[in-house]
Amino acid sequence: MPETLPMRSWLFAPGDAARKMEKCADSAADIALFDLEDAVTVEQKPTARTLVREFLQGRGDDHARLWVRINPVDGPFAVEDLAAVMPGRPGGIMLPKARGRGDVELLDHYLTALEAANGIEQGTTKVIALVTEAAEAMFTTGDYRGAPRLVGMTWGAEDLADALGASTNREADGDYAFTYKLARSLCLIGAASAGVLPIETIHGDFRDLDGLRARAEKVRAEGYRGMLAIHPAQVEIINAAFTPSEHEIAEAQEIVAIFAANPGVGAIGYKGGMLDRPYLARAETVLRLAGRA
């Protein structure tokens, strides 16, 4: 995966609220994400752009983890968003409502010009794309391999429900309905195909920490590598859920050591069962996530 710093937790803060941005940036979140899109009204967007730029300019050397969610590139606000915030040198941009690879390529063109205009090293501003918020985007989640600057893909259920004209995206038991579980799966598969990080969407009830923990652990087991957050109280739970436990690390080290001691073997006995090469790959993934590779 192409990340250069941990990207387990992505905490949103509205771009028109300086105090909330400060709390977000000072939190334990791996990525602090300042929002110029859904959290900011049209009337407040000019103010928010100025506040985000000034906030970025006032920070020290942690810009790699300070990201901005702009508005969609096919709308009227994205260019103004980028022109306003790029002098602050954000570490990355979240692209909402991405319809496919073409939107990432268009964003890359904008960023290349603005990096040059602001003395920023070319290609250093990274991108994560929200890839299931538009109906047509559900058909393009497998098209992102090699997309410029892309380091992650995430998904959204609320805007997708709006795009589909749905009155709800939940089952009676509160779980996501089939279409939205499909969106989650397509994001995961698309990210794996593209070789970028799959990031789970928000857990909307920030008071439901037990539910958050259960969900984060579930999607991590399925292959997700991080999760969006809407409240600082969610960050520590997300960080823990996407960090391998000492038991997982020890078992992974043991599996790697067994295969290393038996080079060329395709399958080997282990604790009364058999391990083949996919088990080795999973063990190596655990060690990479734990920084022990």
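Computed from a prediction, not measured in an experiment: that's the story for all the values here.

Basis of the calculations
Residues numbered from 1 in each chain as written. Predicted model: local features only at pLDDT ≥ 70, side-chain atom pairs only at ≥ 80, totals over all residues. Heavy atoms only, no water. Helix = DSSP H or I, 4+ residues; strand = E, 2+ residues; numbered from the N terminus. Rg over C-alpha atoms; globule rule 2.2 N^0.38 Å. Buried < 20%, exposed > 50% of the residue type's maximum accessible area, 1.4 Å probe, protein only. Contact = heavy atoms within 4.5 Å. Areas by Shrake-Rupley, 256 points an atom, 1.4 Å probe, with all protein chains shown as cover. Lys, Arg positive; Asp, Glu negative; His and termini not counted. Charge placed at Lys NZ, Arg CZ, Asp CG, Glu CD. Core = buried A, V, L, I, M, F, W, Y, C linked by side-chain atoms within 4.5 Å. Salt bridge = Lys/Arg side-chain N within 4 Å of Asp/Glu carboxyl O. Pairing = 2+ DSSP bridges. Right-handed = clockwise from strand over helix to strand, strands pointing away. Expected span 1.5 Å × (residues − 1). Axes fitted to C-alpha atoms, helices over the stretch in contact; angles between N-to-C directions. UniProt positions renumbered as here; feature names shortened; annotations may be inferred. Phe/Tyr/Trp six-rings, centres within 6.5 Å; stacked < 30°, edge-to-face > 60°.

## With respect to the overall build of the chain
- Summing up its helical and strand segments, the chain has ten helices and ten strands in all.
- Relative to a compact globule of 293 residues, whose C-alpha radius of gyration would be 19 Å, the chain shows 20 Å and is just as compact.
- Projected onto the principal axes, the alpha-carbon positions of the chain cover approximately 65 × 50 × 35 Å.
- With 293 residues in all, the chain has 48% of them scored as buried.
- Of the contacts formed within the chain by residues at least 6 apart in sequence, a portion of 68% connects residues at least 24 apart.
- Surface accessibility of the chain: about 13300 Å² in total, with carbon and sulfur atoms responsible for 54%.
- The chain carries 31 positive and 42 negative side-chain charges, and their two centres are separated by 3 Å.

## A closer look at the nonpolar core
- The biggest cluster of nonpolar side chains holds 63 residues, and the ones touching the most others in it are F34, L107 and M153.
- When residues in this core are grouped by element, the largest group, six residues, is from helix α6 (residues 178-194).
- By size, the runner-up hydrophobic cluster in this structure holds 13 residues, among which are W10, W67, L197 and I199.

## What to know about the pattern of salt bridges
- Taken as a whole and assessed by the stated rule, the structure comprises 22 salt bridges.
- In this structure, K97 and E37 form a salt bridge, with 2.5 Å as the shortest nitrogen-oxygen distance. In this pair, K97 sits in the loop between β4 (92-95) and α4 (101-117) while E37 sits in the loop between β2 (31-35) and α2 (45-57), placing the two residues 60 residues apart along the sequence.
- Since its relative accessible area comes to 4%, E37 is described here as buried.

## Some words on the pairing of strand β10 (residues 273-276)
- When strand β9 (residues 267-270) meets β10, the two strands line up antiparallel, connected through four bridges. Bridged to A267 within β10 is D276.
- Hairpin connection of β9 to β10: two residues between the antiparallel strands, including K271 at a positive phi of 50°.

## Some remarks on the pairing of β4
- Burial along β4 is two-sided: the residues G92 and M94 and I93 and L95 are all buried.
- Considered for its hand, the β-α-β crossover made up of strand β3 (residues 66-69), helix α3 (residues 78-85) and β4 is right-handed.
- The pairing of β4 with strand β5 (residues 126-130) spans four bridges and is classified as parallel. If you follow I93 over to β5, its bridge partner there is V127.
- For the crossover from β4 across α4 to β5, the handedness is right-handed.

## Brief notes about helix α10 (residues 277-289)
- Here α10 spans 19 Å end to end across 13 residues, near enough to the 18 Å set by a 1.5 Å rise per residue.
- Of the residues making up α10, those classed as buried are L280, A283, T285, V286 and L287.
- Of the residues one or two after α10, G291 is the one with positive phi, at around 70°.

## So, the environment of L82
- Note that L82 resides in helix α3.
- On the accessibility criterion, L82 (0% relative accessible area) is buried.
- Between the C-alpha atom of L82 and that of R53, which follows or precedes it by 29 residues, the distance is 9.9 Å.
- Among all residues touching L82, those that are not within four sequence positions of it are I70, I93, L107, Y110, L111 and L114.

## What about the side chain of T141?
- Mapped onto the elements of the fold, T141 is located in the loop between β5 and β6 (150-154).
- Dropping the residues within four chain positions of it, T141 is found in contact with V131, T132, M153, L186 and G190.

## Concerning the sheet that holds strand β1 (residues 9-14)
- Pairing is parallel in the closed barrel, where eight strands are placed in the order β1-β2-β3-β4-β5-β6-β7-β8. Averaged over all pairs of adjacent strands, the angle between their axes in this sheet comes to 25°, without regard to strand direction.

## Regarding the UniProt feature "domain: HpcH/HpaI aldolase/citrate lyase" (unreviewed entry) in the chain
- The UniProt feature table records "domain: HpcH/HpaI aldolase/citrate lyase" (unreviewed entry) at residues 8-232.
- Helix makes up 37% of residues 8-232 and strand 16%, and the two end C-alpha atoms of the span are 14 Å apart.

## Quick notes on the environment of G195
- By the secondary structure assignment, G195 is in the loop between α6 and β7 (197-200).
- What makes G195 partly exposed here is its relative accessible area of 33%.
- It is 25 Å that separates the C-alpha atoms of G195 and I120, two residues lying 75 residues apart in sequence.

## A short note on the packing of aromatic side chains
- This structure, assessed with the given rule, holds three aromatic pairs.
- Taken together, a centroid distance of 5.2 Å and an interplanar angle of 80° make the contact between F34 and F55 edge-to-face. Here F34, found in strand β2, pairs with F55, found in helix α2; they are 21 residues apart in sequence, far enough to count as distant. Each member of the pair, F34 as well as F55, is classed as buried.
- Arranged with centres 5.4 Å apart and planes meeting at 65°, the rings of W155 and Y176 form a pair that is edge-to-face. In this pair, W155 is assigned in the loop between β6 and α5 (158-164) and Y176 in the loop between α5 and α6, connecting sequence segments 21 residues apart.

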